[in-house]
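# A closer look at the structure
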Amino acid sequence: MQKLLLTAMIVISVLMILAVVIQPAKNSSSANITGSTEALGGRKKARGLEAAMDRVIRVLGVLFMVIAIALAKLAL
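These figures come from a predicted structure and were not determined experimentally.

In this section: the overall build of the protein. The helix and strand tally for the protein stands at 3 helices and 0 strands. When its helices and strands are written in sequence order, the protein yields α-α-α. Looking at the protein alone, contacts between residues at least 24 apart form 89% of all its contacts between residues at least 6 apart. As displayed, the protein offers around 6,000 Å² of accessible surface, 69% of which is attributable to carbon and sulfur atoms.

Together, Ile10, Val11, Val14, Leu15, Leu18 and Ile22 give the surface a local cluster of nonpolar side chains, amounting to about 540 Å² of exposed area. With respect to the helices, strands and loops of the structure, Ile22 is situated in helix 1 (residues 2–22). Of the residues examined, Ile22 reaches a relative accessible area of 54% and is grouped as exposed.

With that settled, the discussion passes to the pattern of salt bridges. Scanning all chains against the criterion turns up 1 salt bridge. Here Arg58 and Asp54 are joined by a salt bridge, their closest N and O atoms 3.3 Å apart. Taken together, the positions of Arg58 and Asp54, both in helix 3 (residues 49–75) and 4 residues apart, correspond to about one turn of that helix. Arg58 sits in the exposed class, given a relative accessible area of 58%.

Let's shift gears to the nonpolar core. Ranked by size, the top nonpolar core spans 6 residues in total: Leu5, Met9, Ile12, Leu60, Ile67 and Leu71. For this core, the secondary-structure elements that each account for two or more residues are helix 1 and helix 3. If we skip the residues at most four places from it in the chain, Leu71 touches Gln2, Leu5, Leu6 and Met9.

Scored by pLDDT, the protein comes out at a mean of 83, with 74% of its residues at no less than 70. Of all secondary-structure elements in the protein, the lowest mean pLDDT belongs to helix 2 (residues 29–34), at 58, while helix 1 reaches the highest, 94.

The next thing to look at is the side chain of Gln23. You can see Gln23 is positioned in the loop between helix 1 and helix 2. When neighbours within four sequence positions are excluded, Gln23 is seen to be in contact with Met53 and Ile57.

Before going further, it helps to examine helix 3. Here helix 3 is 27 residues long and its end C-alpha atoms lie 39 Å apart, about the 39 Å a rise of 1.5 Å per residue gives. Buried residues along helix 3 sit against helix 1.

The rules behind the values
Residues numbered from 1 in each chain as written. Predicted model: local features only at pLDDT ≥ 70, side-chain atom pairs only at ≥ 80, totals over all residues. Heavy atoms only, no water. Helix = DSSP H or I, 4+ residues; strand = E, 2+ residues; numbered from the N terminus. Contact = heavy atoms within 4.5 Å. Areas by Shrake-Rupley, 256 points an atom, 1.4 Å probe, with all protein chains shown as cover. Patch = residues over 30% accessible without salt bridge, like charges linked within 9 Å, V, L, I, M, F, W, Y side chains within 5 Å. Salt bridge = Lys/Arg side-chain N within 4 Å of Asp/Glu carboxyl O. Buried < 20%, exposed > 50% of the residue type's maximum accessible area, 1.4 Å probe, protein only. Core = buried A, V, L, I, M, F, W, Y, C linked by side-chain atoms within 4.5 Å. pLDDT = per-residue confidence, 0-100. Expected span 1.5 Å × (residues − 1).

The following block contains the structure:
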């Protein structure tokens, strides 16, 4: 059981890293230079690929935490 959870944790970790790397940038470099209002806290609602990647990262993060807690309980 512990080996299965460790393997799942490694796979989820790699998938989470890939999802974060593939995720599109949330702001443009010109907004950073000019100091537009979006860069100061205004946020558009995520759509399309950005929204999907955001959901994928959240789900992978929750799975990672659940597996980490399960491994901690098994270690006791």
